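Architecture and fold: a report
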Amino acid sequence: MPDHDVIYKEEAARYHELIAKQPSVQHWIEEIRPIRGLDIVDLGAGSGRLTAVLADQAKTIVALDAYEPMLHVAAERLRSAGYTNWRTQAADHRELPLASQSADLIVSGWSICYLGSDNLPNWEQNIRQVMSEMKRVLRGNGTIIIFETMGTGFETPNPPDFLKKYYAALEQDYGFSHKWVRTDYAFDNVEQAEQLTRFFFSDELADRVARDKLVHLPECAGIWWLHL
């Protein structure tokens, strides 16, 4: 598996090239909580996958991520689109640099999972801290929406084993509702599909993409949400 820590530090632009091949998730967010006029926080904003599509309707939006290079890509996208209601800041999910009761909606896409892998001896404490911080920052009628992987290259959910305990905890310990959706990749051609899947996922998946000439790569995502 590629080292995602290195990718987020050194290959932010190429990472964005990959995720730009997926559909917008805005309509799924809007089904859970209409976003017009809200103060929004995007945890693990990365290159702006969620921030860039929510900024148009948000009152304000704060993009937080542990990796400054990723936020640089997000900021450039937001500036280019002409938005002025945003800011970015490097931050740890477990200690948010935000005032209490300052947001209506917190979204997090494919990010909290890095603290929730059961390969980490302190994963449960990590998740407790993240949940505590999100609830501190939200106003009384606030909403949390979390997206996480349920398997790349699969037609139906096949979540990684090391994330299953975290996913179960979201529902059983923290009271989140849950559903899954398809966030398939639509690449321009087979060469691009192979290169980008090898870059971020694995040689095994990239070899399958090349062998089967997959321009359309299925992916499943889980959505968890909680209204305070």
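Our subject in this report is the structure included herewith.

Procedures and definitions
Residues numbered from 1 in each chain as written. Predicted model: local features only at pLDDT ≥ 70, side-chain atom pairs only at ≥ 80, totals over all residues. Heavy atoms only, no water. Helix = DSSP H or I, 4+ residues; strand = E, 2+ residues; numbered from the N terminus. Rg over C-alpha atoms; globule rule 2.2 N^0.38 Å. Buried < 20%, exposed > 50% of the residue type's maximum accessible area, 1.4 Å probe, protein only. Polar contact = N/O pair within 3.5 Å; in protein donor to acceptor, adjacent residues only side chain to side chain. Contact = heavy atoms within 4.5 Å. Pairing = 2+ DSSP bridges.

Along its length, the chain carries 10 helices and nine strands. Taken over C-alpha atoms, the radius of gyration comes to 17 Å for the chain, in line with the 17 Å a tight globule of 228 residues would show. If one aligns the C-alpha atoms of the chain with their principal axes, the spans along those axes are about 50 × 40 × 30 Å. Counting over 228 residues, the chain shows a buried share of 54%.

This part covers the side chain of Asn126. Its place among the elements puts Asn126 in helix 7 (residues 123–137). The exposure class assigned to Asn126 is buried, which follows from its relative accessible area of 2%. Polar contacts involving the side chain of Asn126 include one to the main-chain carbonyl oxygen of Leu115, which spans 3.1 Å. In this structure Asn126 touches Arg94, Leu115 and Leu120, once residues within four positions along its chain are discounted.

The buried fraction of strand 5 (residues 138–152) amounts to 12 of the 15 residues, a majority that puts the element mostly inside the structure. With eight bridges joining them, strand 5 and strand 9 (residues 219–227) adopt antiparallel strand pairing. The partner of Ile145 across the bridge, within strand 9, is Trp225.

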